[in-house]
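Residue-level listing of the chains:
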Amino acid sequence: MGLERKALLRAAPAHTVHYERRRPEETILHGLVREHLETFLAQVEARTGTGVPGFVKDEFEAFLECGVLAHGFLRVRCAECAHEKLVAFSCKRRGFCPSCGARRMAESAAYLVDRVIPRVPVRQWVLSFPIALRILFAAQPELLTPVLRIVHRVIARFLLGQAGLGRATADTGAVTLIQRFGSAANLNIHLHCLVLDGVYRRGAGEPVFRQARAPTRDELQELLGKIITRLLKRLTRSGHLLEEEGMTYLAELDPDDPLTPLQAASCTYRIALGPRAGQKVLSLRTVPGRDDKATSALCAEAHGFSLHAGVRCGADQRKQLERLCRYITRPAIANARLGCNAKGEVVLQLKSPWRDGTTHLRLSPLEFMQRLAALVPRPRLHLIRFHGVLAPHAGLRAAIVPGTLEKASEPAHEPAHAAARLSWARLLKRVFDIDIEHCPACGGTLKIIAAIEEPAVIVRILTHLGLPARAPPRSPARLPQLFQAA
């Protein structure tokens with residue numbers, strides 16, 4: 001009976017979904033980058049004389065190695081039946097890799113819900129900018145820091161006014177996620193602010209949360225007006241915006257930055273380089289257009305800016321809040337929405353049809369590569385910011401964040417001192433219900449036994465297993481296309 005019980009405990013549940021290695025080299029995105037990277041790099045160098053910045057080139061190089069066994073892997077073995085599997089290394093980049101972007105999405109959402117955002121109502125405030133400011137913030141992302149300060153102060157003072165309290169006695173908190181892309185894989189820098197829908201009042205004891213009512217449409221319009229006035233004043237004072245004869249326009253950006261034309265074209269849905277430079281991206285309209293402009297009751301627009309505050313999660317809606325966080329932190333490119341037509345053009349399916357009925361965009365491979373390069377963020381650019389009582393050194397933070405308050409409710413098999421960063425195995429289990437920690441053959445525990453990085457050892461193991469021992473080859477630069485681009 002003891003042996004039978006042990007066998008049952010080790011048996012993998014029939015309903016459990018087990019992990020299967022992804023094969024990025026078989027995807028359309030990987031094939032496009034592999035086929036056209038060298039031509040694209042030569043095209044930019046021919047146009048600018050310097051080529052793309054090093055961090056952009058590194059992004060492409062790392063993406064081509066991500067998930068490919070020929071560039072190294074972990075050996076994972078079951079302690080019970082000796083079943084083995086190989087797990088390829090990831091690039092862990094922030095630009096356009098769908099796999100690493102999906103992991104960062106799940107990890108960030110889990111961290112915010114489990115360790116940062118307290119169990120109080122949360123409202124999402126989305127601020128979009130005019131195209132000129134999107135180009136400016138892409139070229140000089142450090143300007144987002146004072147902009148975020150302005151936005152948070154305006155919203156915080158509104159919530160304090162509703163509560164009848166001052167900054168000396170109360171404050172709210174927020175997490176801002178800087179999203180850098182639109183559904184068309186275009187560069188579109190805008191802000192998603194998850195703001196506590198109320199304020200915490202300081203006192204001798206525990207801080208007390210006072211909930212706020214939803215803003216009216218008129219109040220939202222007034223708040224947007226304040227944000228625009230202060231933001232334009234700040235950028236004008238710093239010399240990034242110029243005023244002449246009552247008109248405000250963007251100061252000239254660095255002409256020597258090779259990314260500037262790529263970013264500007266991506267922001268305006270145009271082509272930066274090649275025979276179609278300056279033209280709009282080709283689109284396919286497969287559904288009827290909409291004449292009416294559907295606008296939410298909690299949305300304000302002015303001078304190319306928009307402020308939306310219609311999405312709210314209640315204190316007990318933690319799963320909905322995590323889904324919202326995943327949506328905000330999702331990767332820019334989804335393999336499922338990428339295809340190629342008979343002409344070899346890239347066909348990108350939009351997440352939702354545009355008002356004119358557009359459902360797909362058509363780009364040449366090199367035009368698509370330009371879009372990918374524009375999406376790569378500069379190094380050391382923090383895309384998640386914390387404000388108010390949720391700021392890292394805020395006095396009230398330790399008393400309200402759930403990180404220390406919910407350890408008692410964690411599963412018994414997890415240590416109480418578990419790190420805030422979730423392991424890859426726990427993320428797969430949490431998001432997709434995929435079990436990577438147990439053997440699919442017997443249910444035993446899988447453990448890492450080696451990290452294989454030496455090229456000779458990689459070739460020997462993969463050859464023995466009948467797997468490709470060499471990475472898919474990259475195509476050299478194509479001179480005819482290069483001459484057309486120049």
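Preceding this section is the structure that the text describes.
Computed from a prediction, not measured in an experiment: that's the story for all the values here.

### Details of the packing of aromatic side chains
With the rule as written, the count across this model stands at 8 aromatic pairs. Centroid distance Phe60 to Phe96: 5.0 Å. Interplanar angle 45°. Geometry classified as tilted. Note that Phe60 is positioned in helix α3 (residues 54-65) and Phe96 in the loop between β3 (84-88) and α4 (98-116), a separation of 36 residues in sequence. Here Phe60 and Phe96 have matching classes, each one buried. For the pair Phe129 and Phe305, a centre-to-centre distance of 6.2 Å together with 75° between the ring planes defines the contact as edge-to-face. Of this pair, Phe129 sits in the loop between β4 (122-128) and α5 (131-139) while Phe305 is found in strand β14 (residues 305-313), placing the two residues 176 residues apart along the sequence. Classification of Phe305 as buried rests on a relative accessible area of 4%. An aromatic cluster of at least three residues, connected via ring pairs, comprises Phe40, Phe60, Phe63 and Phe96.

### Quick notes on the pairing of strand β2 (residues 73-78)
With 5 bridges connecting them, β2 and β3 associate as antiparallel partners. When the sheet's bridge partners are listed, Arg77 is paired in β3 with Glu84. In sequence, β2 turns back onto β3 through a hairpin of 5 residues, with Ala82 there showing a positive phi of about 65°. Pairing of β2 with strand β20 (residues 446-452) involves 6 bridges; the strand directions are antiparallel. Across the sheet, the residue bridging to Leu74 is Ala451, located in β20.

### Things to note about α3
Every α-helix carries 3.6 residues per turn, so stepping three or four residues along brings you back to the same face. Taking 1.5 Å as the rise per residue, α3 with 12 residues should run 16 Å; its terminal C-alpha atoms sit 17 Å apart, in good agreement. Among the structural elements, α2 (28-48), α4, α8 (259-267) and α10 (365-375) are those in contact with the buried residues of α3. The first or second residue beyond α3 is Gly67, which carries a positive phi of 75°.

### Focus: unusual backbone geometry
We note that Ala185 has phi near 60°; this positive angle belongs to a residue other than glycine. In this fold, Ala185 is placed in the loop between β6 (173-181) and β7 (187-196). Residue class for Ala185 comes out buried when judged on its relative accessible area of 3%. Backbone geometry places Arg380, a non-glycine residue, at a positive phi of 60°.

### Side note on the nonpolar core
In terms of nonpolar packing, the biggest core is built from 47 residues, with Trp125, Phe129, Leu133, Phe137 and Leu191 touching the most fellow members. Counting only elements with at least two residues in this core, the list comes to β4, α5, α6 (144-163), β6, β7, α7 (217-237) and β14. Counting residues per element, this core draws most heavily on α6, which supplies 11 residues. Counting residues in hydrophobic clusters, the runner-up holds 38 residues, among them Ala185, Leu348, Phe368 and Leu372.

Conventions adopted
- Residues numbered from 1 in each chain as written.
- Predicted model: local features only at pLDDT ≥ 70, side-chain atom pairs only at ≥ 80, totals over all residues.
- Heavy atoms only, no water.
- Phe/Tyr/Trp six-rings, centres within 6.5 Å; stacked < 30°, edge-to-face > 60°.
- Helix = DSSP H or I, 4+ residues; strand = E, 2+ residues; numbered from the N terminus.
- Buried < 20%, exposed > 50% of the residue type's maximum accessible area, 1.4 Å probe, protein only.
- Pairing = 2+ DSSP bridges.
- Expected span 1.5 Å × (residues − 1).
- Contact = heavy atoms within 4.5 Å.
- Core = buried A, V, L, I, M, F, W, Y, C linked by side-chain atoms within 4.5 Å.

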